[in-house]
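# Observations on chain architecture
Below are the chains, spelled out letter by letter.
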Amino acid sequence: MKKRQIFIAFAVLCSAAFTSCAVTDYISKLFNKDKNEPPVEAPQEPKTTEIQKPVEQKEKEPDNVVFARKLQELLNKGDLKGAIALYDELPKKLQKDEDLQILLASLYISDGQYDKAIEVARKILEKNPDNVDALEIITIAAKAKGDKAEYKAATNDLLAKDPDNAQANIMVGDDYLGNAKYKMALQSYEKALKTEPDNDDAKYGYAVCSYYTDDVKKAKQMSLELLEKNPDNDEAMSLLAKIYSEESKYAQAAELVTKAIEINPYNYNYYLELGLYQNARGQRKQAIQAWDKCIEIDSTYFLPFAYRAGCYDELNDYENALYNYKKVIQTNPEYFYAYESAGVLEYHLGNYDNAREYFLTANKYYDNWCYKLMAAACYFKQGKTLDAKKLVQQTMKPMKRDSTEYLLVRFFNDSFSRNAEVTLTQRIQKEDDSTKRGKMLFYLGLYYEINGFDELAKEYYTKVAKMQAPMFFEYRFAEWGVQK
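Across its full length, the protein holds 27 helices and zero strands. Within the protein, the fraction of its 484 residues that count as buried is 47%. Sequence separation of at least 24 residues holds for 50% of the intrachain contacts in the protein that already meet a minimum separation of 6. For the protein, the accessible surface area stands at approximately 26,600 Å², while carbon and sulfur atoms represent 48% of it.

In this structure the tally under the stated criterion is 24 salt bridges. The partner of K203 in a salt bridge is E225, with the nearest N and O atoms 3.4 Å apart. A residue pair is termed long-range when its members are at least 10 positions apart, and K203 in helix 11 (residues 200–212) and E225 in helix 12 (residues 216–229) qualify at 22 residues. Owing to a relative accessible area of 14%, K203 belongs among the buried residues under this scheme. Residue class for E225 comes out partly exposed when judged on its relative accessible area of 30%. Here K242 ties to E273 by a salt bridge, and the two come within 2.8 Å at their closest N and O atoms. Taken together, the residues K242 in helix 13 (residues 234–246) and E273 in helix 15 (residues 268–280) connect sequence positions 31 residues apart. Connected through shared salt-bridge partners, K220, E247 and K249 make up one network.

According to the stated counting rule, one finds 31 aromatic pairs in the structure shown. Measuring from centroid to centroid gives 5.5 Å for Y339 and Y365, while their planes differ by 15°, and the two rings are stacked. One end of the pair, Y339, is in helix 19 (residues 336–348); the other, Y365, is in helix 20 (residues 352–365), with 26 residues separating them in the sequence. Given the relative accessible area of 35%, Y365 is considered partly exposed. Centre to centre, the rings of F380 and F412 are 6.5 Å apart; their planes meet at 40°, and the pair counts as tilted. A residue pair is termed long-range when its members are at least 10 positions apart, and F380 in helix 21 (residues 369–381) and F412 in helix 23 (residues 404–413) qualify at 32 residues. Using a relative accessible area of 15% as the deciding quantity, one classes F380 as buried. F412 gets classed as buried once you look at its relative accessible area, which sits at 4%. Counting every residue linked through ring pairs, the aromatic cluster contains Y318, Y347, Y352, F359, W369, Y371, F442, Y443, Y461, F473, F477 and W480.

Thresholds applied
- Here the residue numbers are simple positions, counted from 1 along each chain's written sequence.
- With the structure being a predicted model, the display of local features is reserved for residues of pLDDT at least 70 and the display and counting of side-chain atom pairs for 80 or more, all residues being used for whole-chain, interface and lining totals.
- With hydrogens and water set aside, each side-chain value is computed from the structure's full complement of heavy atoms.
- Only runs of H or I of at least four residues qualify as helices and only runs of E of at least two qualify as strands under DSSP, and these elements are numbered from the N terminus.
- Note on classification: 1.4 Å probe, protein chains only; a residue is buried when its accessible area is under 20% of the maximum for its type, exposed when over 50%, partly exposed between these limits.
- Throughout, a contact is declared for two residues whenever any of their heavy atoms are within 4.5 Å.
- Each accessible area value is a Shrake-Rupley result obtained with a 1.4 Å probe; residue values ignore everything except the protein chains displayed when judging cover.
- We define a salt bridge as a contact between a side-chain nitrogen of Lys or Arg and a carboxyl oxygen of Asp or Glu at a distance within 4 Å.
- Note on aromatic pairs: the rings of Phe, Tyr and Trp (six-membered ring only in Trp) are paired at centre separations within 6.5 Å, and the planes decide the class, stacked below 30 degrees, edge-to-face beyond 60, tilted for the rest.

Take a look at the structure:
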């Protein structure tokens, strides 16, 4: 098992520096490969009356020792390609050595030559179908190059021959984890830990699954164990930081993930998490800087743009907020909340054409009479009353005639009626759902604002602004309306 750990560890990490370290034990084995042979007796000195000067005889080093020394030198320099090329000089009697061939396959993996690694492993399996190390090589290489079919087949073969194989169970666990099948992943990691209780990969996977299955206590315990064994385990730091954040220990969480970044400065997720912890502490500018780094690493994912937009919005930097909402739309067009947020800011900034388009696009993803009524409000603000009422009428058509929502939308279409206003106000005040009631009060205020009754509009906006923990986008318009 020790030998297998050596091979697989450096293959997975794909690091020339680590490869050098991991192979050290195996190379040491090559140096000492002939030590079990019976010692050769030293020749008897001839009896002579003359004093003879001893002759120094330098024994020729065994081929395996010479090869091991050269290999070690190349790996110490991080020269993977040189180490691979050294196999061209491999003495004939060592060319069938399975351990050396497994090592070559591992070097190929570390160098990203996955097909060659698989080719070497298959040749070994042709002669020795039970070579578990060769099967492990194929699973790792196939997964690395994205060949799902070969990866699955090799993993199944490996588990069939060795059901308790730690590496195979870890890889199966990783697959389950990647598909959010946490309980099944836990079972695979448990199998791996039964075989190799100190396997860090299995422990980390188990800790992550424990976290996502709400066994936070176990996740925390295992994260601390991993860090006690290896204080530079950045993955364990990140997981422990998540746990601290759930305990509202944001300063500790930020400190931990900052250390993780020092160890692994190009990890996208660490910067994403750091921004969240800093934002939770009210350090919005620092949070924005963390998400800036995310975008520098990968500008194709929408989430840091969304987070950054929210921060700029909180800082009342609406231009930057709007820019980031537009980037969210560009990177993830299905995220309809970005259209809503962009529409809100465009409306607030007086860009009514843009605002109307954003609200109507949001409505395509999530049919909502509020979006259509806000789009109509954009027309009203531009003095395009006919276009506004046409859109209002379209909004009314599918609505239930006896609903409060219908009466409210119709209020924007018909000529003002005091009786209609009283009836509508009474209906709204009877609504039990505070969110629904708040939204409707806002639209009453909006109606009065559009028609020039600013004081009456402000009265309704004030009622909405006084609500606790509002969960609707119109609340922001009410706040701005009160401040006018």
